[in-house]
Amino acid sequence: MTPDDRALLTDLFDAAIRAADATQALGPNLPAPPKGRTVVIGAGKGAAQLAVAFEDLWEAPYEGVVVTRYGYGAKTRTIRVMEAAHPVPDAAGIDGAEALFAAVQGLTEDDLVIALITGGGSALLPAPPDGFTLADEQALNEALLASGAPISAMNAIRKHFSLMKGGRLAAAAHPAKVVTLIVSDVPGDDPAQVASGPTVPDATDAKAALAAIRAWNVALPDRMLAEIEACVAPDPADPAFAGNEVRVIASAARSLDAAAARARDRGLPAVILSDAIEGEAREVARVHAAIAGHSATRAQPFEAPVVILSGGETTVTLKGQGRGGRNTEFLLAFAIAIDGSTGIAALAADTDGIDGSEDNAGAFADGTTAARLREAGYDPAALLADNDAFTAFEVLGDLFTPGPTGTNVNDFRAILVRPSDG
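The rules we used
Residues numbered from 1 in each chain as written. Predicted model: local features only at pLDDT ≥ 70, side-chain atom pairs only at ≥ 80, totals over all residues. Heavy atoms only, no water. Helix = DSSP H or I, 4+ residues; strand = E, 2+ residues; numbered from the N terminus. Rg over C-alpha atoms; globule rule 2.2 N^0.38 Å. Buried < 20%, exposed > 50% of the residue type's maximum accessible area, 1.4 Å probe, protein only. Contact = heavy atoms within 4.5 Å. Pairing = 2+ DSSP bridges. Axes fitted to C-alpha atoms, helices over the stretch in contact; angles between N-to-C directions. Parallel < 35°, antiparallel > 145°, perpendicular 65-115°, else oblique. Left-handed = near helix turned anticlockwise from the far one by under 90°. Nonpolar A, V, L, I, M, F, W, Y, C, P; charged D, E, K, R; others polar. 1 Å grid on protein atoms, 1.4 Å probe; cavity = no way out; pocket = protein on both sides within 12 Å on 5 of 7 lines; lining within 4 Å. Points joined across faces, edges and corners; volume = space filled by probe spheres on them. Domains from an automatic or database assignment. UniProt positions renumbered as here; feature names shortened; annotations may be inferred. Buried area = accessible area lost by both parts, 1.4 Å probe.

From N to C terminus, the protein chain includes 16 helices and 13 strands. By the compact-globule yardstick of 22 Å for 422 residues, the protein chain fits well, its C-alpha radius of gyration being 22 Å. For the protein chain, the C-alpha atoms occupy an extent of roughly 70 × 50 × 35 Å along the three principal directions. Looking at the 422 residues of the protein chain, the share that counts as buried comes to 58%. Considering only residue pairs separated by 6 or more positions, the protein chain has 78% of its internal contacts joining residues 24 or more positions apart.

With that settled, consider the sheet that holds strand β6 (residues 245–250). Strand order in the open sheet made by the six strands is β3-β2-β1-β4-β5-β6, with parallel pairing throughout. Each edge of the sheet is formed by a strand with only one pairing partner; in this case those strands are β3 (80–84) and β6. Averaged over all pairs of adjacent strands, the angle between strand axes in this sheet comes to 15°, irrespective of strand direction. Relative to strand β4 (residues 112–118), strand β1 (residues 38–43) runs parallel, the two sharing six bridges.

Here we come to the packing of helix α1 (residues 3–19) against helix α11 (residues 252–265). In contact at an axis separation of 7 Å, α1 and α11 are set at 135° when each is read in the N-to-C sense. Accordingly, the angle class assigned to the pair α1 and α11 is oblique. Handedness of the crossing formed by α1 with α11: right-handed. On α11, the residues touching Asp-11, Leu-12, Ala-15, Ala-16 and Ala-19 of α1 are Arg-254, Ser-255, Ala-258, Ala-259, Arg-262 and Ala-263. The residue makeup of the contact of α1 with α11, split by class, is seven nonpolar, one polar and three charged.

In this model, the largest pocket occupies a volume close to 770 Å³. Secondary structure elements with two or more residues in the lining of the largest pocket: α5 (121–124), α6 (134–147), α7 (151–158), β9 (306–315) and α13 (326–337). The greatest single-element share of the lining of the largest pocket, amounting to four residues, is contributed by α7. Among the residues forming the lining of the largest pocket, the class breakdown is 13 nonpolar, 19 polar and nine charged. Per-domain counts for the lining of the largest pocket show at least three residues from each of domain 1 (3–16 + 253–417) and domain 2 (31–236).

Here the UniProt feature "domain: MOFRL-associated" (unreviewed entry) sits at residues 9–225. Between the first and last C-alpha atoms of residues 9–225 the distance is 45 Å; the span itself is 40% helix and 15% strand.

With respect to the helices and strands, the residue Asp-11 is situated in helix α1. Residues Asp-11 and Met-164, spaced 153 residues apart in sequence, show a C-alpha to C-alpha distance of 38 Å.

A few words now on the domain arrangement of the protein chain. When its domains are assigned, the protein chain resolves into domain 1 (3–16 + 253–417) and domain 2 (31–236). Computed over C-alpha atoms, the centres of domain 1 and domain 2 are 30 Å apart. Each partner contributes residues to the interface: domain 1 has 19 residues there, and domain 2 has 21 residues. Buried area between domain 1 and domain 2, both sides added, is near 1500 Å², and the carbon and sulfur share of it is 51%.

This part covers empty space enclosed by the protein. In the structure shown here, the tally under the stated rule is two cavities of 30 Å³ or more. Estimates place the volume of the largest cavity at around 60 Å³. The wall of the largest cavity is formed by Ser-152, Asn-155, Ala-156, Lys-159, Gly-166, Ala-192, Gln-193, Ser-196, Val-200, Pro-201, Asp-202 and Thr-204. In the lining of the largest cavity, the residues fall into four nonpolar, six polar and two charged. In this structure, the second largest cavity encloses a volume near 30 Å³.

Here it is, written out as structure tokens:
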């Protein structure tokens with residue numbers, strides 16, 4: 001990949017991130033100050049940055065606490081920022097969940113709760129049901145992450161094994177009004193799915209949770225299954241939620257629009273396949289590769305040159321050792337599918353700056369990637385089979401490592417396609 005292509009793809013990623021900037025997203029969506037107290041609560045990978053933006057924008061007294069991932073904190077004046085583990089929760093997450101519950105105790109109808117919610121909150125706020133422990137919730141998260149289940153299925157299960165999720169935090173704040181401001185990282189931007197909806201209930205019941213467990217072969221102990229089956233989640237029609245407001249203030253759709261506009265500013269046509277693509281990362285990659293290859297050689301479905309953009313949340317069913325996240329796995333499968341092609345260069349990355357458990361957001365690939373891996377003594381297909389995409393791109397020096405971005409609107413994929421003879 002040429003330095004110019006790498007710079008272009010990075011520029012498009014940066015445009016997507018700017019569109020989800022905390023201050024820009026938060027400013028137009030803040031409610032008016034209440035007669036009583038203002039309590040800020042929050043969770044997710046971008047929660048600390050939203051807290052900083054809130055403090056710069058709010059012109060009345062306030063207090064509060066937010067929970068974010070280790071290394072994602074930010075310096076605030078008043079709001080307490082706590083850090084915990086992601087994607088598998090830890091004891092610090094238990095402390096964070098308890099702090100959020102404590103923050104909303106004893107409120108009145110004159111008070112206002114502002115909930116700043118971004119992706120990642122599901123793992124950051126462990127609150128296992130009575131009689132269960134952190135170890136049980138850790139086991140649940142590990143089983144879900146290994147299953148390949150889509151986020152909607154994961155969250156249906158999570159909210160039936162939690163004292164926090166599915167609107168329970170908002171219920172605890174009643175009778176105060178709760179205004180939830182969401183940076184969406186889920187396909188379709190359903191507010192109840194982001195961070196498993198701690199302040200936003202939905203109608204998913206225990207039957208749906210059990211069906212998801214069966215459909216995705218999620219291995220759970222009988223005791224946990226019995227708890228999920230018996231759980232009655234909060235009803236969205238409950239009067240406790242009647243006066244609340246929910247607003248999605250940033251999303252993949254808006255970020256992809258910004259990236260497309262940036263490409264056009266640079267003289268390149270741009271198309272957006274979808275902001276809500278789900279499915280196994282390697283299968284989604286093969287479809288993207290087919291579209292890019294056909295566009296390069298036959299000018300269909302898009303005439304090259306063109307930038308093809310997409311978002312959403314793919315999944316990885318772990319069968320190997322699992323070093324590398326879904327975007328890196330997507331790109332390794334993509335590289336194998338376009339092996340030997342010319343005129344195609346791609347970046348796939350998580351918009352929060354971290355893909356999986358390593359320190360990269362994603363990686364770069366082109367038609368030479370697979371060949372260069374073989375020259376370095378690695379079998380691309382074997383690495384993919386072992387879910388070890390991180391090693392593939394680390395060896396080549398093609399990891400994309402922007403660091404924490406302060407937001408999270410899910411997967412970002414940009415494929416630059418130029419005309420090719422084969």
